[in-house]
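Next come the chains, spelled out residue by residue.
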Amino acid sequence: QVQLVESGGRLVQAGGSLRLSCAASGRTFSSYAMGWFRQAPGKEREFVAAIKRAGINTYYADSVKGRFTISRDNGKNTVYLQMNSLKPEDTAVYYCAADSSLITLTTMTDIGSWGQGTQVTVSS
């Protein structure tokens, strides 16, 4: 498994932007598909975005499509989530995750590694 540490979450006004980072340990980062997920208070954790190993193919939840961009730098063992046009409903704890299977990430079935999460709060 890989160790993941998220950062970049903070309070931001609606319409603003944030970039989250997720740093991974180990030398096998490029062998993992990576994903971002979020969990709002009182709600289940949900899929936000995922990216394949080479970083060319990306996938998004409908709720963030066109506003969020996932990317990765395999040389830095880091995956990013650029969030633009933020809305109050984007408020949540954001988690990154790693798995050898992209399908596992997009369907949230038995994901191998999770980070501890970073809080994003969007004020109206």
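Parameters at a glance
Each residue is numbered by its place in its chain's sequence as written, counting from 1. The predicted nature of this model means local features are confined to residues of pLDDT at least 70 and side-chain atom pairs, given and counted, to a pLDDT of 80 or more, with totals for whole chains, interfaces and linings taken over all residues. Here the side-chain values reflect all heavy atoms present in the structure, with hydrogen atoms and water set aside. With a 1 Å grid laid over protein atoms only, a set of points is called a cavity when a 1.4 Å probe fits there but cannot get out and a pocket when it is open yet has protein on both sides within 12 Å along at least five of seven lines; lining residues have an atom within 4 Å of a point. Grid points are joined across faces, edges and corners, and a volume is the space filled by probe spheres set on the points. Ten residues, namely Ala, Val, Leu, Ile, Met, Phe, Trp, Tyr, Cys and Pro, are considered nonpolar, four, namely Asp, Glu, Lys and Arg, are considered charged, and the remaining ones, Gly among them, are considered polar. The helix count covers DSSP runs of H or I at least four residues long, the strand count covers runs of E at least two residues long, and both are numbered beginning at the N terminus. Buried means the residue's accessible area, taken with a 1.4 Å probe over protein chains only, is under 20% of the maximum for its type, while exposed means over 50%, and partly exposed covers the values in between. Contacts are assigned to residue pairs with any non-hydrogen atoms lying within 4.5 Å of each other. By nonpolar core we mean a set of buried residues, namely Ala, Val, Leu, Ile, Met, Phe, Trp, Tyr and Cys, connected to one another through side-chain atoms within 4.5 Å. Here, two cysteine sulfur atoms that lie within 2.5 Å of each other are counted as a disulfide.

Some words on the layout of surface pockets
- Considered as a void within the structure, the largest pocket measures approximately 200 Å³ in volume.
- Looking at the largest pocket, it is lined by 14 residues, and the ones nearest its centre are Arg38, Ala40, Lys43, Glu46 and Glu89.
- Residues of the lining of the largest pocket, tallied by class, amount to three nonpolar, three polar and eight charged.

A look at the environment of Ser100
- Here Ser100 shows up in the loop between β9 (92-99) and α1 (102-107).
- You can call Ser100 partly exposed: its relative accessible area is 48%.
- Expressed as a C-alpha distance, the spacing of Ser100 and Ile111, which sit 11 residues apart in the sequence, is 9.0 Å.
- Apart from the residues lying within four places of it in its own chain, the contact partners of Ser100 are Ser31, Tyr32 and Arg53.

Considering the nonpolar core
- In terms of nonpolar packing, the biggest core is built from 38 residues, with Met34, Trp36, Leu81, Met83 and Tyr94 touching the most fellow members.
- Secondary structure elements with two or more residues in this core: β3 (18-24), β4 (33-39), β5 (46-51), β7 (68-73), β8 (78-83), β9, α1 and β11 (118-123).
- Each residue touching Tyr94, except ones within four places of it in the same chain, is listed here: Glu6, Leu20, Trp36, Phe37, Arg38, Val48, Phe68, Leu81, Met83, Gly117, Thr118 and Val120.

Describing the state of the cysteines
- Across all of its chains, the model carries one disulfide by this definition.
- The residue that forms a disulfide with Cys22 is Cys96, at a sulfur-sulfur distance of 1.9 Å. Residues Cys22 and Cys96 are joined through a disulfide that is right-handed, its torsion about the S-S bond being 40 degrees. Taken as a pair, Cys22 in strand β3 and Cys96 in strand β9 lie far apart in primary sequence, 74 residues in all. With respect to burial, Cys22 and Cys96 carry one shared label: buried.

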